[in-house]
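These are the residues of each chain, in order.
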Amino acid sequence: SYERVLSGPSAGCSIAAQLSEALSAELLERAFGARVTHAEMDLKYRTNEARRLDYRCLVGPGPSKLAVGVSVTRAVASRDLRATRSKGEPFTRKHAKKLIKRKVAAIASARRNVHETASFQRALLHVWCSSELVAQMVDAEARALAKESDNEAIWRDVVVWATVTDFGGVNLRYAYIFRT
């Protein structure tokens, strides 16, 4: 799966983003048997203004596989990965809320605009977190946003998956799956 994500053209994202997406696809394949059907630039949309998914995959046994649209992001405290936040501040719940809101809105845009040949039944927001504390903040804010959302349909089929890593290598120490 990671080969398909890495080998195709990207939407102009950084190498770090491409590696995050590739590792996400690989982890989903190993953990759940997911198979990437569309890399980012393989996905067609009805409008150029639509927000994009990072990839689409199929998950599940036999012919009843579930199509999943995946968006991948990183939630990183500056002390965990040198000055990745613009002002060098630590990652807070405020950052988590902003990140989750932005990414779920992008998933909703993609869902509305993706071509029917690449439609999906579920959406996965895969968040690579720099610590267990960051993952807990992501979880808390995702749950709070889902509860307070005035548009329940946006959250109905979204799963937020926070995976903790030290970003110094591929050594994944913990993975948490949260259902909103």
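Located above this text is the structure these notes cover.
Residues numbered from 1 in each chain as written. Predicted model: local features only at pLDDT ≥ 70, side-chain atom pairs only at ≥ 80, totals over all residues. Heavy atoms only, no water.

## Topic: the overall build of the protein chain
At step 1: Of regular secondary structure, the protein chain possesses 5 helices and 6 strands.
At step 2: Helices and strands in the protein chain line up, N terminus first, as α-α-β-β-β-α-β-α-α-β-β.
At step 3: Expressed as a percentage of the 180 residues in the protein chain, the buried residues total 46%.
At step 4: Counting only contacts in the protein chain whose residues sit at least 6 apart along the sequence, the fraction spanning at least 24 positions is 62%. (Helix = DSSP H or I, 4+ residues; strand = E, 2+ residues; numbered from the N terminus. Buried < 20%, exposed > 50% of the residue type's maximum accessible area, 1.4 Å probe, protein only. Contact = heavy atoms within 4.5 Å.)

## Focus: the side chain of Ser 131
At step 1: Note on placement: Ser 131 falls in the loop between strand 4 (122-129) and helix 4 (132-148).
At step 2: Note on Ser 131: relative accessible area 15%, which makes it buried.
At step 3: Within polar-contact distance, the side chain of Ser 131 engages the backbone nitrogen of Val 134 at 3.1 Å. (Polar contact = N/O pair within 3.5 Å; in protein donor to acceptor, adjacent residues only side chain to side chain.)

## Overview of the pairing of strand 2 (residues 55-59)
At step 1: Counting buried positions over the 5 residues of strand 2 gives 4, a clear majority of the element.
At step 2: Taken together, the 4 bridges between strand 1 (residues 35-39) and strand 2 define a ladder with antiparallel strand orientation. The partner of Arg 35 across the bridge, within strand 2, is Leu 58.
At step 3: Where strand 2 and strand 3 (residues 66-75) come together, 5 bridges link them in antiparallel fashion. By the bridge assignment, Arg 56 is partnered in strand 3 with Gly 69.
At step 4: Between strand 2 and strand 3, which pair antiparallel in sequence order, lie 6 residues; one of them, Gly 60, sits at a positive phi of approximately 120°. (Pairing = 2+ DSSP bridges.)

## Points about helix 4
At step 1: The terminal C-alpha atoms of helix 4 lie 24 Å apart, and with 17 residues this matches the ideal 24 Å at 1.5 Å per residue to within 8%.
At step 2: Those residues of helix 4 that sit buried are Val 134, Ala 135, Met 137, Val 138, Asp 139, Glu 141, Ala 142 and Leu 145. (Expected span 1.5 Å × (residues − 1).)

## Overview of the packing of helix 3 (residues 93-113) against helix 4
At step 1: As a packed pair, helix 3 and helix 4 sit with axes 9 Å apart at the nearest point and diverge in direction by 55°. The angle between the axes of helix 3 and helix 4 places the two elements in the oblique class. Here helix 3 and helix 4 pass one another in a crossing that is right-handed. Contacts between helix 3 and helix 4 pair Arg 93, Ala 96, Lys 97, Ile 100 and Lys 101 from the former with Met 137, Val 138, Ala 140, Glu 141, Ala 142, Leu 145 and Glu 148 from the latter.
At step 2: By residue class, the composition of the contact of helix 3 with helix 4 is 7 nonpolar, no polar and 5 charged. (Axes fitted to C-alpha atoms, helices over the stretch in contact; angles between N-to-C directions. Parallel < 35°, antiparallel > 145°, perpendicular 65-115°, else oblique. Left-handed = near helix turned anticlockwise from the far one by under 90°. Nonpolar A, V, L, I, M, F, W, Y, C, P; charged D, E, K, R; others polar.)

## Thoughts on the pattern of salt bridges
At step 1: With the rule as written, the count across this model stands at 6 salt bridges.
At step 2: Ionic pairing is found between Arg 93 and Glu 141, a salt bridge with its closest N-O pair at 2.6 Å. Taken together, the residues span a long stretch of sequence, with Arg 93 in helix 3 and Glu 141 in helix 4 at a distance of 48 residues.
At step 3: Residue classification places Arg 93 among the partly exposed positions, given a relative accessible area of 42%.
At step 4: Owing to a relative accessible area of 8%, Glu 141 belongs among the buried residues under this scheme.
At step 5: A salt bridge links Asp 157 to Arg 122, with the nearest nitrogen and oxygen atoms 3.5 Å apart. (Salt bridge = Lys/Arg side-chain N within 4 Å of Asp/Glu carboxyl O.)

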